[in-house]
Amino acid sequence: ELGTYPHYMIKEINEQPQVMRKIIKEYQDDNGDFKIDDAIIKQLNDADRLYIIAAGTSYHAGLIGKEYIEKWAGVPTEVHVASEFVYNTPLLSEKPLFIFISQSGETADSRAVLVDIKEKGYPALTITNVVGSTLSREADQTLILHAGPEIAVASTKAYVAQIAVLSIVAAVTARELGKKSDLNLMSELGKVTTAITSVIDDASTIEEIVKNFLETTRNAFFIGRTMDYYVGLEGALKLKEISYIQAEGFAGGELKHGTIALIEDGTPVFSLITQEKVNLNTRGNAQEVAARGANVCTIAMEGLEQEGDSYIIPRVDEMLTPLVSVVVYQLISYYAALHRGNDVDKPRNLAKSVTVE
Ligand code: M6R
């Protein structure tokens, strides 16, 4: 199964362009437009508010999905960590639709919410990689991620698949609601696929970044704003999960409200710049930490780069940058874990699916 790859994680990172192509194909109709089942469109049209429920990496994908659904389709959407939602349910709208995002479809925290909302008679849609999984069987409708089996504990290709499927859900919902859009999602996802390939082909440059920024450190920070903030949360989770480096993701503007106290000489700070609107704000925050000794690694999108940036990702539509920028963080985590001699695919204390609450 592993073929020539030394680990499942690097195999799964490398499979991401293929996963993107598969999703683009699976979600197309005969006319070459994106489609999803009529029953799911009805669920989405009937809802006055969407509640995305998930854990870990799937929760991070949900944060991006909310942006698509609200910005493109105009449907109010909340994203909740399953383990909190179940014991601290917020006020619900009159006609909620619950969307469960789960690679495995077996996460106990998410299932607890599903059981609860089904008892209350609310509709549910599951987005999962595993056909026939518990969350899929128990929800009214399912969307499949088509990422193929994900074996490494650290989720990579499932996250990219979740974001791609959520972008299609949002675009189809927008179309059904008669919203006009300048974005040709089909061709933009094609460009994203090419961009992911180019980052993967450049893995040796990213390995050098690990040598320069993470070889001996005990902690690391990830900053960014809007989409880049959400990707930073995922980058930090990935890094701590397999390298055991204490890592935290922060909204760039929030760092100075306390966390900046932790910056010492040489503390690595990854600063992600893919959104023009907040480019200079995040750069300002990076300068603040650099002035206190931080070792800042700036990852910028082509067109927004400045001299001294450590890595440039190819230009794609600003809403879709998480699909590309996350690959840089996945590779950074992989090499950081590898250089520390850790078990990349089976990190300590963790299981692939968390089936206890
Ligand atoms: O199977 P799920 O997507 O429901 O799993 C949720 C989390 O346990 C999972 O994403 C976890 O955070 C990953 N190991 C992160 O890489």
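Residues numbered from 1 in each chain as written. Predicted model: local features only at pLDDT ≥ 70, side-chain atom pairs only at ≥ 80, totals over all residues. Heavy atoms only, no water.

Under the annotation held in an unreviewed UniProt entry, the protein carries the name Glutamine--fructose-6-phosphate aminotransferase [isomerizing] and is attributed to Jeotgalicoccus meleagridis. Here the protein is described in UniProt, under the heading Subcellular location (unreviewed entry), as follows: "Cytoplasm". The Function (unreviewed entry) comment attached to the protein in UniProt states, word for word, "Catalyzes the first step in hexosamine metabolism, converting fructose-6P into glucosamine-6P using glutamine as a nitrogen source." (UniProt positions renumbered as here; feature names shortened; annotations may be inferred.)

Student: Looking at this model, I keep getting lost on the packing of aromatic side chains. Mind explaining?
Tutor: Where two aromatic rings form a pair, the distance of their centres and the angle of their planes describe that pair. The tally for this structure, following the rule as stated, stands at eleven aromatic pairs. Note on F98 and Y122: the rings are 5.9 Å apart at their centroids and 35 degrees apart in plane angle, and the pair reads as tilted. With F98 in strand β3 (residues 96–102) and Y122 in the loop between α6 (108–119) and β4 (124–128), this residue pair connects regions lying 24 residues apart in the sequence. On the numbers, 6.3 Å between centres and 80 degrees between planes, the contact of F270 with Y329 is edge-to-face. Placement of F270 in strand β8 (residues 268–273) and of Y329 in helix α13 (residues 322–339) is noted, with a sequence separation of 59 residues between them. (Phe/Tyr/Trp six-rings, centres within 6.5 Å; stacked < 30°, edge-to-face > 60°. Helix = DSSP H or I, 4+ residues; strand = E, 2+ residues; numbered from the N terminus.)

Student: Please clarify how the pairing of strand β9 (residues 295–301) should be interpreted in this entry.
Tutor: A regular strand carries its side chains on alternate faces of the sheet. Among the seven residues in β9, five count as buried, and that is most of the element. Of the strand pairs in this sheet, β8 and β9 are connected by six bridges, and their pairing is parallel. Directly across from I273, in β9, lies its bridge partner A300. Here β9 pairs with strand β10 (residues 311–313) via three bridges, running parallel. Paired with M301 across the strands is I313, a residue of β10. (Buried < 20%, exposed > 50% of the residue type's maximum accessible area, 1.4 Å probe, protein only. Pairing = 2+ DSSP bridges.)

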